Amino acid sequence: MRKKIVAGNWKMNKTFLEAEELVAQVAEALEKRKLDNKAVVLCPPFPYLELTTDIAKESKFQVGAQNVYPEDNGAYTGEVSPPMLESMEVEYCIIGHSERRKYFAENHDFLARKLDALLKHNIIPIFCCGEVLSERKAKKHFKVVETQLNESLFHLKKDEVSNVVIAYEPVWAIGTGVNATAEEAQEMHAFIRGLVAKKYSKKLSEEISILYGGSCNAKNAKELFSNPDVDGGLIGGASLKSEDFLAIVDAL
Ligand code: PGA
């Protein structure tokens, strides 16, 4: 069955004490909730992963990293490897986020390597894709997303891709307060699912989770998530306050 997921991408926010407080608030609130087929994932900055996985052991959420380097170990100063994440019981990792593509020049090949490295260590990649505003205005958004999937994701075998979560994040919606409309999100998610069906199988396309990200908040989450091909959200700004984040979890 297709999993419903709300993942909080904290980005580069929170001090240690603030992080501790937010994780504790989310953990406590989830105690009272029945999650059934829903997964709640917190993706704090690296220094707070241990704190978060410790609390997660006694709670109902899972933990994701925001980045990884695609080698097991070695002379890569400042980087963090998949075996390190695996050994800390980190279950998910965001890759292909537009901020990493833009500020850290991460290209298709590098992201393909990250996918391989994560899957080798049983970590579920949350693979982000999405177009910038000029590409949407030029009506190239489908082509852009198709290329991102072709170049970084579709080299995987069927049994590998079934362990990947896709997040459609139109770059013009990230952190802008302007979310994609429910129709725009549904249209792209259905397109992505169609590509997965064409490349792999209809069955696999029905099982893969496709999240929406980009100014998803407590107000618009319900409408976005009510679409048949939107299986949850990757939440930035609204994941930094427990009430907002939990309202989004409740909208799923
Ligand atoms: P936002 O970010 O919710 O703040 O728009 C989403 C993301 O970048 O994952």
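Residue indices begin from 1 for each chain and proceed along its sequence in written order. Totals for whole chains, interfaces and linings use every residue, but because this is a predicted model, local features are given only for residues with pLDDT of at least 70 and side-chain atom pairs only at 80 or more, for both listing and counting. For side-chain calculations, the full set of non-hydrogen atoms in the structure is used, while hydrogens and water are omitted.

Draft legend 1. Structural view of the overall build of the chain. Strands are runs of DSSP state E lasting at least two residues, helices are runs of H or I lasting at least four, and both sets are numbered from the N terminus onward. When helices and strands are tallied, the chain shows twelve helices and eight strands. Rg of the C-alpha trace for the chain: 17 Å, near the compact-globule value of 18 Å for 252 residues, within the 12% margin. Counting all 252 residues of the chain, 54% fall into the buried class. Throughout, a contact is declared for two residues whenever any of their heavy atoms are within 4.5 Å. Within the chain, contacts between residues at least 6 apart in sequence are counted, and of these 71% link residues at least 24 apart. In the form shown here, the chain has an accessible surface area of approximately 11,700 Å², with 52% of it arising from carbon and sulfur atoms. Neither His nor the chain termini are counted; the positive set is Lys and Arg, and the negative set is Asp and Glu. To locate a charge, take atom NZ for lysine, CZ for arginine, CG for aspartate or CD for glutamate. One way to put it: in the chain the 32 positive side-chain charges average out to a point 6 Å from where the 37 negative ones average out. Computation of the radius of gyration draws on C-alpha atoms, with the globule rule given as 2.2 Å multiplied by the number of residues to the power 0.38. Only protein chains enter the calculation, and the probe is 1.4 Å; a residue is then buried if its accessible area is under 20% of its type maximum, exposed if over 50%, and partly exposed in between. The protein chains shown are the only cover counted for residues, whose accessible areas, like all others here, come from Shrake-Rupley with a 1.4 Å probe.

Draft legend 2. Representation of the pattern of salt bridges. In what follows, salt bridge is the name for a side-chain nitrogen of Lys or Arg lying within 4 Å of a carboxyl oxygen of Asp or Glu. For the structure on display, the rule yields 16 salt bridges. Among the salt bridges present, the one from arginine 2 reaches aspartate 231, with a minimum N-O distance of 3.0 Å. Here arginine 2, found in the segment before strand S1 (4-9), pairs with aspartate 231, found in the loop between helix H11 (221-225) and strand S8 (232-235); they are 229 residues apart in sequence, far enough to count as distant. Both residues of the pair, arginine 2 and aspartate 231, belong to the buried class. Put simply, arginine 136 and glutamate 184 hold a salt bridge, and the shortest N to O gap is 3.9 Å. Highlighted residues: arginine 136 in helix H6 (residues 133-137) and glutamate 184 in helix H9 (residues 182-199), separated in sequence by 48 residues. On the basis of relative accessible area, glutamate 184 is assigned to the partly exposed category, the value being 24%. Each of Arg2, Arg193, Lys202, Glu206, Asp229 and Asp231 takes part in a single network of salt bridges with overlapping partners.

Draft legend 3. Representation of the site of the ligand within the structure. Residues are counted as near a molecule or strand when any one of their heavy atoms sits within 4 Å of it. Near the ligand, the surroundings consist of 13 residues, among which Lys11, His97, Glu169, Gly175 and Ser215 are the closest. The definition of a polar contact used here is a pair of N or O atoms within 3.5 Å, where within protein one atom must be able to donate a hydrogen and the other to accept one, and adjacent residues in sequence count solely through side-chain atom pairs. Glycine 236 is positioned such that a nitrogen or oxygen atom in its backbone is 2.8 Å from an oxygen atom of the ligand. For the ligand, the protein covers 95% of the area, taking 290 Å² as the surface of the free molecule. Any residue outside Ala, Val, Leu, Ile, Met, Phe, Trp, Tyr, Cys, Pro, Asp, Glu, Lys and Arg is labelled polar, Gly included; the first ten of those are nonpolar and the last four are charged. Grouping the amino acids of the shell around the ligand by side-chain chemistry returns four nonpolar, seven polar and two charged.

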